[in-house]
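Here's the letter readout for the chains.
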Amino acid sequence: MCNKCDSSETERSHRSRSWLLRSLVLLAAFGGTAVLLLGSHFHSSVLPRSIPQVKPTVNFSVSRVAPPSWQPPEETGTWNLMLVNPWNPLPEDYSIDLVSLNSNQSVDQRCAAALEEMLSDCRTAGLSPLICSSYRTQATQQSLYNAQVYELIAQGCSREEAEEQAATMVALPGTSEHQLGLAVDIVDSEYQILESSQENTPVQRWLMEHCWEYGFILRYPKEKTQLTGIIYEPWHYRYVGKEAAKEIMNAGICLEEYLGAVSSQSPT
Ligand SMILES: [Zn+2]
């Protein structure tokens, strides 16, 4: 829990600390905005037109269960099953062939056709899906993470608490699937807020039912937060290929479980 102050502190030191905190938050917010503006200038081809902010929830926390280490697949065509999570960062030398989509977003070219087909069929069903985030550079991921940390500090968290919670809401740079190029955040254009109620939108209901047919999975299910290390995100879809997607979605498991990258003591 985040206590804004200790009751034993004197009022004077409280005022002084509050002023310092506000100054730091303002300075950080200004810096973060500048980085985002610079980022949008230099990376306009891959940045979303707008990045809906994850609604911070101060009291929410994900207790993670550290799994055994997982070995990345060799170059055997299993690129689609690459595991990137808090315990398995993206390899530093990982290279991606990006392709720009019509929506001014970019993904790994190997999943682009499946993504376009899924969205096209969703539109044919009379719905209005919108990709709000796709491939991200390390710099973009860092900016988003920093912004989340500052937001939580502004709500009263200590820096340590803020950094820990932020990592469950916006993955630490280097551990985000968005840097893999195989993940997209899709919202209903009628309701673009990234919060759990996104699951009730017609677009999410359609995607959750049909995503596997195109090789995508809902990557961070509600009941798997301890295994994924990430909060429930009913907007984040990950390409894993049709065969794996079918098995994962039908069995109601997460990618960590499918790959055997969870500890036998882990809760399910
Ligand atoms: Zn995402």
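None of the values given here were measured: they were computed from a predicted structure.

Notes on the confidence of the model for the protein chain
- Mean pLDDT over the protein chain: 79, with 69% of residues reaching 70 or higher.
- Contacts for the low-pLDDT stretch residues 23–60, under 50 throughout, to residues beyond four places or in other chains number 54 contacts.
- Predicted confidence is poor over residues 264–268, with pLDDT under 50, and the contacts of this stretch with residues over four places away or in other chains come to six contacts.

A look at the pairing of strand E4 (residues 183–188)
- Burial runs high along E4: six of the six residues are buried.
- Note: strand E3 (residues 129–133) against E4, four bridges, orientation antiparallel. Bridging across to E4, Ile131 finds its partner in Ile186.
- The sheet contact formed by E4 and strand E6 (residues 236–239) spans three bridges and is antiparallel. Each bridged residue has a counterpart across the sheet, and for Val184 the counterpart in E6 is Tyr237.

Digging into the nonpolar core
- In this structure, Ile186, Cys211, Phe216, Ile217, Tyr237 and Ala245 are the most contacted members of the largest nonpolar core, which totals 42 residues.
- Contributing elements (two or more residues each) for this core: helix H2 (109–124), E3, E4, helix H5 (202–210), strand E5 (216–218), E6 and helix H7 (242–251).
- Per element, the largest residue contribution to this core is six residues, and it comes from H2.
- Setting aside chain neighbours within four positions, we find Phe216 in contact with Met118, Cys211, Tyr237, Arg238, Tyr239 and Ala245.
- Of all hydrophobic cores here, the second largest spans 18 residues; its members include Tyr145, Leu152, Cys157 and Ile231.

A word on the environment of Leu101
- Along the chain, the position of Leu101 falls in the loop between strand E1 (98–100) and strand E2 (106–108).
- A count of 17 C-beta atoms within 10 Å places Leu101 in the partly exposed class.
- In the structure, Leu101 is positioned eleven residues away from Ala112 in sequence and 7.6 Å away in space, judged by C-alpha atoms.
- Excluding anything up to four places from it in sequence, Leu101 contacts Ser106, Val107, Ala112 and Glu116.

Things to note about the sheet that holds E3
- Here four strands make up an open sheet; going across it, the order is E3-E4-E6-E5 and the pairing antiparallel. Of all strands in the sheet, those with a lone pairing partner are E3 and E5, marking the two edges. Ignoring which end each strand starts from, the neighbouring axes of this sheet average 40° apart.
- Helix-sheet contacts for H2 involve E3, E4, E5 and E6, and the interaxial angle to E3 is about 140°.
- Set on the sheet, H5 makes contact with E3, E4, E5 and E6; between it and E4 the angle comes to about 140°.

Points about H5
- Where H5 is concerned, the buried positions are Val203, Gln204 and Leu207. On an axial view of H5, the arc spanned by its buried residues comes to 90°, and they lie on one face.
- Among the structural elements, H2, E3, E4 and E6 are those in contact with the buried residues of H5.

Examining the pairing of E6
- Alternating positions in E6 separate into two faces, His236 and Arg238 on one and Tyr237 and Tyr239 on the other, with burial throughout.
- As paired elements, E5 and E6 share three bridges and run antiparallel to each other. Across the sheet, the residue bridging to Phe216 is Tyr239, located in E6.

A word on the packing of helix H3 (residues 138–154) against helix H4 (residues 159–169)
- For the pair H3 and H4, the least separation of the axes is 8 Å and the interaxial angle reads 130°. Of the possible angle classes, the one that applies to H3 and H4 is oblique. In the crossing of H3 with H4, the sense of the turn from one axis to the other is right-handed. Here Tyr145, Gln148, Val149, Leu152 and Ile153 of H3 lie close against H4, whose contacting residues are Arg159, Ala162, Glu163, Gln165, Ala166 and Met169.
- Looking at the contact of H3 with H4 residue by residue, the class counts come to seven nonpolar, two polar and two charged.

So, the environment of Asp108
- Here Asp108 shows up in strand E2.
- A tally of 20 C-beta atoms within 10 Å means that Asp108 is categorised as buried.
- Once the C-alpha coordinates of Asp108 and Leu182 are considered, the two residues, 74 residues apart in sequence, prove to be 5.9 Å apart.
- If we ignore the near neighbours within four places in the chain, the residues touching Asp108 are Ile96, Asp97, Leu98, Gly181 and Leu182.

A look at the environment of Glu163
- By secondary structure assignment, the location of Glu163 is in helix H4.
- Sequence separation between Glu163 and Asn146 is 17 residues; the distance between their C-alpha atoms is 8.5 Å.

Rules of the game
- Residues numbered from 1 in each chain as written.
- Predicted model: local features only at pLDDT ≥ 70, side-chain atom pairs only at ≥ 80, totals over all residues.
- pLDDT = per-residue confidence, 0-100.
- Contact = placed C-beta atoms within 7 Å.
- Buried ≥ 20, exposed ≤ 12 C-beta atoms within 10 Å, placed from the backbone.
- Helix = DSSP H or I, 4+ residues; strand = E, 2+ residues; numbered from the N terminus.
- Pairing = 2+ DSSP bridges.
- Core = buried A, V, L, I, M, F, W, Y, C linked by C-beta atoms within 7 Å.
- Axes fitted to C-alpha atoms, helices over the stretch in contact; angles between N-to-C directions.
- Arc of directions from axis to C-beta.
- Parallel < 35°, antiparallel > 145°, perpendicular 65-115°, else oblique.
- Left-handed = near helix turned anticlockwise from the far one by under 90°.
- Nonpolar A, V, L, I, M, F, W, Y, C, P; charged D, E, K, R; others polar.

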